[in-house]
Amino acid sequence: MATYRRDDAGHLEQALESLTRQSLVASEVVLVEDGPIGDAARAVIERYRAALNIQSLVMPRNVGLAAALNAGLQHCRHELVFRFDSDDMALPERFARQLAAFAAGPAIDVVGSFAQEMDSAGTPGRVRSMPISHDEILAKLWACPLIHPTVAYRRSRILAVGGYRTDLRRSEDYDLWFRCAKAGMRFGNLPEALILHRFDQTSHLRHAFRDALERALSGYRGACLLGMPLWKRLACFVPLVRAVLPTPLRHPVYRLLSRFDPRRSGSPD
């Protein structure tokens, strides 16, 4: 996990509390403080430190999510690492279900899951479904069929491809999956929501046009890297349409376009 000064301390507390309710408790929680954080967030971390075996890594200044996650990976002591965001909530069986997926054959390197959206107040919304099998995920990698805060992966494999690119602002995970695929890693998604993912109308305020353009270019480069057909390469630019709309329209258009989400079961690959 990583947190920084603009994160809501109340949301961080809910995230950490959800980890105490896991049927299979984590061996450790590596929590990267990405630059100075406020007193409220620090008090939350200290309340949960003993219960969750929180290992804090304090960055002297804000370095961004990608660099913070890379630093955290270097400090993880275990091979299987479960990603999590500081404003989401893990459902009780998350760790147990994903650990079981690693133990089942065939060998798998990255395991995600569905996610249930919730608003800023924690009210549950729709469930985001994703392709399940490796072949489905690989075919739809251009559409980013892995929800970053749901994934668990083999630390050694992620480090072997160089971890997260630190020159990217918002698409560090999207870029990473393409490089993992190029390296021959195997993917999977569990067909159930294992986290509550905070996403509502205010979420669109965090995504400027330049972030959407960066993501589109990351997708295009990744699709080229894997030799995907031209239409998949060009389809990476479709989300740019939403980014140029006035902010009040972005969430309704997101809801409309989600009906045609290529990651949904039965959509073209």
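Residues numbered from 1 in each chain as written. Predicted model: local features only at pLDDT ≥ 70, side-chain atom pairs only at ≥ 80, totals over all residues. Heavy atoms only, no water.

Visitor: Account for the overall build of the chain, with residues named and values stated.
Guide: A count of helical and extended segments in the chain gives eleven helices and nine strands. With the model as given, the accessible surface of the chain reaches about 12600 Å², and the carbon-plus-sulfur share is 57%. (Helix = DSSP H or I, 4+ residues; strand = E, 2+ residues; numbered from the N terminus. Areas by Shrake-Rupley, 256 points an atom, 1.4 Å probe, with all protein chains shown as cover.)

Visitor: How would you sum up the pattern of salt bridges? Please name residues and give values.
Guide: If you walk through the whole model with that rule in mind, you get 18 salt bridges. In this structure, Glu28 engages Arg77 in a salt bridge whose closest nitrogen and oxygen atoms are separated by 3.0 Å. Residue Glu28 is located in the loop between helix H1 (9-20) and strand E2 (29-33), and its partner Arg77 is located in the loop between helix H3 (65-75) and strand E4 (80-82); the two are separated by 49 residues in the primary sequence. What you see here is one network of salt bridges that share partners, running through Arg165, Asp167, Asp175 and Arg179. (Salt bridge = Lys/Arg side-chain N within 4 Å of Asp/Glu carboxyl O.)

Visitor: Describe in detail the nonpolar core, supporting the description with residues and values.
Guide: Grouped together as the largest cluster of nonpolar side chains are 36 residues, with contacts concentrated most on Tyr153, Trp177, Cys180 and Phe187. Those elements giving two or more residues to this core turn out to be E2, H3 and helix H7 (172-182). Apart from the residues within four sequence positions on either side, Tyr153 is in contact with Leu73, Glu79, Leu80, Val81, Arg83, Phe102, Asp109, Val110, Ile158, Tyr164 and Trp177. (Core = buried A, V, L, I, M, F, W, Y, C linked by side-chain atoms within 4.5 Å. Buried < 20%, exposed > 50% of the residue type's maximum accessible area, 1.4 Å probe, protein only. Contact = heavy atoms within 4.5 Å.)

Visitor: Any chance you could break down the pairing of strand E3 (residues 54-58) for me, citing the residues and the numbers?
Guide: Of the strand pairs in this sheet, E2 and E3 are connected by five bridges, and their pairing is parallel. Along E3, the bridge assignment pairs Leu31 with Ser56. (Pairing = 2+ DSSP bridges.)

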